[in-house]
There are 4 protein chains.
Amino acid sequence: MPSENETFIEAARRAQLTDCAAGVIAEVGLGKASMARIAERAGVSVGVISYHFGNKAGLIAAVMTDAAQAAVAMMEPLIVAQSSATLGLRALITSNLEFMRLHPERLRAMLEIIQHDNGLYAEQGAQAITDVQKVLHWGQQTGEFGDFDTRVVATSIRAAIDAVPAMLGHVEDLDLTAYGEQLADLFERATRKETR
Amino acid sequence: MPSENETFIEAARRAQLTDCAAGVIAEVGLGKASMARIAERAGVSVGVISYHFGNKAGLIAAVMTDAAQAAVAMMEPLIVAQSSATLGLRALITSNLEFMRLHPERLRAMLEIIQHDNGLYAEQGAQAITDVQKVLHWGQQTGEFGDFDTRVVATSIRAAIDAVPAMLGHVEDLDLTAYGEQLADLFERATRKETR
Amino acid sequence: MPSENETFIEAARRAQLTDCAAGVIAEVGLGKASMARIAERAGVSVGVISYHFGNKAGLIAAVMTDAAQAAVAMMEPLIVAQSSATLGLRALITSNLEFMRLHPERLRAMLEIIQHDNGLYAEQGAQAITDVQKVLHWGQQTGEFGDFDTRVVATSIRAAIDAVPAMLGHVEDLDLTAYGEQLADLFERATRKETR
Amino acid sequence: MPSENETFIEAARRAQLTDCAAGVIAEVGLGKASMARIAERAGVSVGVISYHFGNKAGLIAAVMTDAAQAAVAMMEPLIVAQSSATLGLRALITSNLEFMRLHPERLRAMLEIIQHDNGLYAEQGAQAITDVQKVLHWGQQTGEFGDFDTRVVATSIRAAIDAVPAMLGHVEDLDLTAYGEQLADLFERATRKETR
DNA sequence: GATGAATGAGATTTCATTCAT
DNA sequence: AATGAATGAAATCTCATTCAT
């Protein structure tokens, strides 16, 4: 029996568990997401989670890592491929919403985790804001954007994007693509240099 | 002993407890805010809380009600007194930040509660968005504002405002008044009718 | 209702719990002495222990403190009242065995705790040896005792005394008073100055 | 594949595992010595231990047997070779300390096991005391030793010896050979017939 | 012979709630 | 009105043991 097979099984189990964990966290919130509930959804015993991830913190970290990697992998190429900061900012917003459409549970879980454990994952949240700031600086240097405080605007853009998942539970048939275009229009108006 | 005195003591006790609860929730988060911790800060026994509020949910509801009433009482007059929707939106944003400056604990507690119990206080969150939407409709009817989806913009405005308390823990010496002006400028650009 | 009464109830409960804990530890060993088992013997819920002692470590510490205080209170006056180091050493040994006879569970529990958590209560064990060393120094200065390494002899005396509780479970009708005399004789021969 | 080879491999595996188990037990105590920890130190899977020893109790028993056999093999010849009980007792003590110097982990593990499982290995402890008693009877019959209770003295000698390993963790550079001489002197004085 | 994934029991700890005084 | 002792449930973590491969 090849060791790759062993690793494959291991990886599959880990993926299954992080998926289930993300699902439960997205559904009931991090506070109510007990290991028993996650294990029950995965159809395994609670000990399995400790076995694979050490403890609950390890599982949470794995959920974060998975989601963050998937999000970056999808979004970053779309953003850097744009020919202007204006298009870059639009791509940042719409690709975020697109990721949300394809992986709603992962994203909700990620936000839950960031919002809850303010101490541990604060850096991840700060990094996400910094990423937005980079695009804003880009546009200010090319003259596309006006002269605003990038921290305030970047924080607001992230907040506006991150507010969407909370609506998914309440609003039926939310068109995320259309929502993304509206958001992109909104912040295009808010950031472009005012001609006069 | 007159019954008014009773009521007065009763009200004072309730106010003391909701204040302490808000303080603890703002400090350690709703998840770690145990009844014992709240009672300890208030210098009373845990039973007192159950006595006055029935159970923890009752206390949380009281914290929400108090904070929301205080916020509305401060902000609403400032908003409706404005002579234009543009100024009204600015007043909404800056008065929000002003409330945050004067009552940081109450506001943080309120946001914690809304974010945690997704099912229970969703209506309060929806109401807060609707309140913003009213101002936006006002501006669209007067022709001050452009033709955008008010739900998207209102949600973004609330999200941008509500993102601020989380920064208070990390950023030192955050000038909330200046931050409010920046936010108001941002959404003024984003909402005004585009002249061409 | 006077507060002393409250304190009295509290103290009585604490004493009951430390007694039960000492009993369980003496019976099944510290490793198997779960809080559930202790609570069961006390006829209370497990939460009561946490309520009174914070956590298991707090309970263990209380057991140690109680036993150590009782032991010192009984033994120290008997030792210092002696007119010579030879009689002092004998009093130290026999009063130890006497305490063992009157409080076998407390003593066994104390030894279990010292032997197990080598890190935490090592100082208590070291102190007990130092106490013996003091008597040995006393005798060396008066010329009653020979010129031996007091650390070796003190450690051996303590070990010989502390080995007794383990026998209580196996040997029936062990006469602790007679045992104490034998031990005292043994170490009197081992310590006295050799006259030739 | 010859069966002797099987047996040889089998024996080597068992020896490796008992050594690792003794090492872990000596280091962290029997309570914290989990199968996983022992398997990790041996560089094998946990299942191997169950395979070879049935269960944890079987492994512990093997550790005991190995250590006890090694101790007897080293000490017994040295004791019985002596020409007098006085020298025999000295040899018993010093060879014990010598074994401790050469195999500190095995001895610590053995003591840990005896102290913990009061019921199971009590006989081993009793046997060790009986072995000392034999030497004491020898000396009483030859007239070298006085007329004391051999059980009390034998228990004390064993306790004095067994107290040494606990010091190894706390005292730096403990000279076990010198300690052994001091101990031997101590119990020579305590046991010899008093001339008058 | 060996692996390591999985189980299930047991232990501690936290906490909202209840209730006699 | 208030106290605080007590309960019982829920959650996490550890670990010996089992078993399919």
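Owing to the predicted nature of the structure, the values given are computational and were not obtained by experimental measurement.

Cut-off values and rules
Residues numbered from 1 in each chain as written. Chains lettered and ligands numbered in written order. Predicted model: local features only at pLDDT ≥ 70, side-chain atom pairs only at ≥ 80, totals over all residues. Heavy atoms only, no water. Core = buried A, V, L, I, M, F, W, Y, C linked by side-chain atoms within 4.5 Å. Buried < 20%, exposed > 50% of the residue type's maximum accessible area, 1.4 Å probe, protein only. Helix = DSSP H or I, 4+ residues; strand = E, 2+ residues; numbered from the N terminus. Contact = heavy atoms within 4.5 Å. Buried area = accessible area lost by both parts, 1.4 Å probe. Salt bridge = Lys/Arg side-chain N within 4 Å of Asp/Glu carboxyl O. Polar contact = N/O pair within 3.5 Å; in protein donor to acceptor, adjacent residues only side chain to side chain. Nonpolar A, V, L, I, M, F, W, Y, C, P; charged D, E, K, R; others polar. Phe/Tyr/Trp six-rings, centres within 6.5 Å; stacked < 30°, edge-to-face > 60°. Axes fitted to C-alpha atoms, helices over the stretch in contact; angles between N-to-C directions. Parallel < 35°, antiparallel > 145°, perpendicular 65-115°, else oblique. Left-handed = near helix turned anticlockwise from the far one by under 90°. Least-squares fit on C-alpha atoms with pLDDT ≥ 70 in both.

1. Things to note about the nonpolar core
Consideration 1: Ranked by size, the top nonpolar core spans 119 residues in total, and within it C:Leu183, C:Phe187, D:Ile93, D:Leu183 and D:Phe187 carry the most contacts.
Consideration 2: Of the residues forming this core, the biggest block, eleven residues, is contributed by helix 4 (residues 56-80) of chain C.
Consideration 3: Residues in contact with D:Ile93, not counting those within four places in the same chain, are D:Ile157, D:Ile161, D:Gly180, D:Leu183, D:Ala184 and D:Phe187.
Consideration 4: Among the nonpolar cores identified, the runner-up in size contains 115 residues, and A:Leu17, A:Ala22, B:Cys20 and B:Met167 belong to it.

2. Looking at the interface of chain B and chain A
Consideration 1: The interface is formed by 30 residues belonging to chain B together with 30 residues belonging to chain A.
Consideration 2: Buried surface at the junction of chain B and chain A, both sides included, amounts to about 2,600 Å², of which 58% is carbon and sulfur.
Consideration 3: Connecting chain B to chain A are two salt bridges.
Consideration 4: With a closest N to O distance of 2.2 Å, A:Glu194 and B:Arg192 form a salt bridge.
Consideration 5: For the interface between chain B and chain A, the tally reads six residue pairs in polar contact (both at pLDDT 80 or more).
Consideration 6: Of all the elements in the fold, those that place two or more residues in the side of chain B that touches chain A are helix 6 (104-116), helix 8 (150-162) and helix 10 (176-191) of chain B.
Consideration 7: Tallied by class, the residues present in the side of chain B that touches chain A amount to 15 nonpolar, eight polar and seven charged.

3. A few points about the packing of aromatic side chains
Consideration 1: Taken as a whole, this structure holds six aromatic pairs over all chains when the rule is applied.
Consideration 2: Measuring from centroid to centroid gives 6.4 Å for D:Phe145 and D:Phe148, while their planes differ by 35°, and the two rings are tilted.

4. So, the packing of helix 5 (residues 85-102) of chain B against helix 8 of chain B
Residue and element names in this part refer to chain B.
Consideration 1: Between helix 5 and helix 8, the shortest axis-to-axis distance is 10 Å and the interhelical angle comes to 25°. Considering their axes alone, helix 5 and helix 8 lie roughly parallel with respect to each other. With respect to the hand of their crossing, helix 5 and helix 8 are arranged in right-handed fashion. Each of Leu-89, Leu-92, Ile-93, Asn-96, Leu-97 and Met-100 in helix 5 lies in contact with helix 8, whose residues at this interface are Ile-157, Arg-158 and Ile-161.
Consideration 2: Broken down by class, the residue content of the contact of helix 5 with helix 8 amounts to seven nonpolar, one polar and one charged.

5. Some thoughts on the relation of the copies chain B and chain A
Consideration 1: Relative to chain A, chain B is turned by 178° and slid 0.1 Å along the rotation axis, the superposed coordinates differing by an RMSD of 0.4 Å. Read as a symmetry element, the transformation amounts to a two-fold axis.
Consideration 2: Mapped onto chain A, 90% of the interface residues of chain B again fall at the interface, so both copies present the same surface.

6. Side note on the arrangement of the chains
Consideration 1: Note that chain A does not reach chain C: the shortest distance linking a C-alpha of one to a C-alpha of the other is 21 Å.
Consideration 2: Regarding chain B and chain C, which are not in contact, the minimum distance between any of their C-alpha atoms is 12 Å.

7. Looking at the relation of the copies chain C and chain D
Consideration 1: When chain C is brought onto chain D, the operation consists of a screw motion whose angular component is 178° and whose axial shift is 0.1 Å, with 0.4 Å RMSD remaining.
Consideration 2: Of the residues that chain C buries at the interface, 93% are likewise interface residues in chain D, meaning the two copies contact each other through the same surface.

8. A closer look at the interface of chain C and chain D
Consideration 1: Counting residues at the interface gives 30 residues for chain C and 29 residues for chain D.
Consideration 2: When chain C packs against chain D, close to 2,500 Å² is buried across both sides, 58% of that on carbon and sulfur atoms.
Consideration 3: Looking at the side of chain C that touches chain D, the elements with two or more residues in it are helix 6 (104-116), helix 8 (150-162) and helix 10 (176-191) of chain C.
Consideration 4: Here the residues of the side of chain C that touches chain D are counted per class, giving 15 nonpolar, seven polar and eight charged.

9. A few points about the environment of B:Ser84
Residues and elements named next belong to chain B.
Consideration 1: Mapped onto the fold, Ser-84 is located in the loop between helix 4 (56-80) and helix 5.
Consideration 2: Here Ser-84 falls in the buried class, since its relative accessible area comes to 17%.
Consideration 3: Expressed as a C-alpha distance, the spacing of Ser-84 and Val-132, which sit 48 residues apart in the sequence, is 14 Å.
Consideration 4: Excluding residues that lie within four positions of it along the chain, Ser-84 makes contacts with Trp-138 and Glu-144.
Consideration 5: A polar atom in the side chain of Ser-84 sits 3.1 Å from the backbone nitrogen of Leu-87.

Just distances and angles here, no functional claims.
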